[in-house]
Amino acid sequence: MSIKVLILNGPNLNMLGQREPEIYGDQTLADIEKLCRDQAASLEMEIAFRQSNHEGELVTWIQDAVDQIDGLVINAAGYTHTSVALHDALKLLSCPVIEVHLSDPQEREDFRHFSYIEPIAARVIKGQGAEGYAQALKALASIAS
Ligand code: CA2
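Thresholds applied
- Residues numbered from 1 in each chain as written.
- Predicted model: local features only at pLDDT ≥ 70, side-chain atom pairs only at ≥ 80, totals over all residues.
- Heavy atoms only, no water.
- Near = heavy atom within 4 Å.
- Polar contact = N/O pair within 3.5 Å; in protein donor to acceptor, adjacent residues only side chain to side chain.
- Areas by Shrake-Rupley, 256 points an atom, 1.4 Å probe, with all protein chains shown as cover.
- Nonpolar A, V, L, I, M, F, W, Y, C, P; charged D, E, K, R; others polar.
- Buried < 20%, exposed > 50% of the residue type's maximum accessible area, 1.4 Å probe, protein only.
- Helix = DSSP H or I, 4+ residues; strand = E, 2+ residues; numbered from the N terminus.
- Pairing = 2+ DSSP bridges.
- Axes fitted to C-alpha atoms, helices over the stretch in contact; angles between N-to-C directions.
- Parallel < 35°, antiparallel > 145°, perpendicular 65-115°, else oblique.
- Left-handed = near helix turned anticlockwise from the far one by under 90°.
- Contact = heavy atoms within 4.5 Å.
- Core = buried A, V, L, I, M, F, W, Y, C linked by side-chain atoms within 4.5 Å.

Another point: the site of the ligand. Within the structure, the ligand sits among 15 residues, and N75, H81, H101, L102 and S103 are positioned closest to it. At a separation of 2.7 Å, an oxygen atom of the ligand approaches a polar backbone atom of L102. At 2.9 Å from an oxygen atom of the ligand is found a side-chain nitrogen or oxygen belonging to R112. Within the complex, the protein chains bury 92% of what would otherwise be the 510 Å² of accessible surface of the ligand. Of the residues that constitute the shell around the ligand, the class distribution is six nonpolar, six polar and three charged.

Shown next as structure tokens:
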């Protein structure tokens, strides 16, 4: 049976490739989705890949995933540093959660140093660019199987 993984992307990540390539790289979110689909195929994983600019929509998707998935990958973007609501929603899941960031928030402004996701995460992958998403899927394959 294949592992089911939900990949969630937070606000502004739909703008990737259009601004700040020196920080986030030049790949678009569609490129990252393709990279994830290729990696998932080689790991025999079933993935859903979503992005929202709305905190409540992300919360609802996490709630809907309870008991439906084997792993979650989340780049909560700006909500990483602000969202108690996402922290609370992620606590509903019994499957492993991997936190991903394209850049390394620890090496940037002070307000990016705290993460509400990290206490829930089995692993945090940061500063690896788009490749971090593929690493997250590989990590889930070894944890969740
Ligand atoms: O490095 C990451 O992946 C971040 O999660 C990206 C977030 C940032 O708030 C986090 O601290 C670290 C920002 C995503 C914004 O993406 C943009 C893409 C293109 C143009 C402008 C913003």
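In this section: the pairing of strand β3 (residues 71-75). Counting buried positions along β3 gives five out of five residues, so the element sits mostly inside the fold. Residues G71, V73 and N75 of β3 are buried on one face, and the alternating residues L72 and I74, pointing to the opposite face, are buried as well. The sheet contact formed by strand β1 (residues 3-9) and β3 spans five bridges and is parallel. What sits directly across from L6, in β3, is L72.

Now for the packing of helix α2 (residues 29-42) against helix α5 (residues 131-144). In the contact formed by α2 and α5, the axes pass within 9 Å of each other and the chain directions differ by 30°. Comparing their axes, α5 and α2 come out roughly parallel. Taken as a pair, α2 and α5 cross one another with a handedness that is right-handed. Facing I32, L35, C36, Q39 and A40 of α2, the residues of α5 in contact are Y133, A134, L137 and K138. Grouping the amino acids of the contact of α2 with α5 by side-chain chemistry returns seven nonpolar, one polar and one charged.

Residues V5, I7, M45, Y133 and L137 are the most contacted members of the largest nonpolar core, which totals 25 residues. Listed by contribution, the elements that provide at least two residues to this core are β1, α2, β2 (45-51), β4 (97-101) and α5. In terms of residue count, the dominant contributor to this core is α5 (six residues). Setting aside residues no more than four positions away along its own chain, M45 makes contact with I3, V5, A40, L137, L140 and A141.

Attention now moves to unusual backbone geometry. For residues that are not glycine, phi is negative in most cases, and the peptide bond is trans in most cases. Positive phi values are uncommon outside glycine, yet D67 reaches one of about 65°. Locating D67 in the fold gives a position in the loop between α3 (55-65) and β3. Residue D67 is classed as exposed on the basis of its relative accessible area of 69%. Phi is positive for A77, close to 50°, though the residue is something other than glycine. Relative to the assigned elements, A77 resides in the loop between β3 and α4 (84-90). Under the relative-accessibility criterion, A77 is labelled buried at 15%.

These figures capture arrangement, not role.
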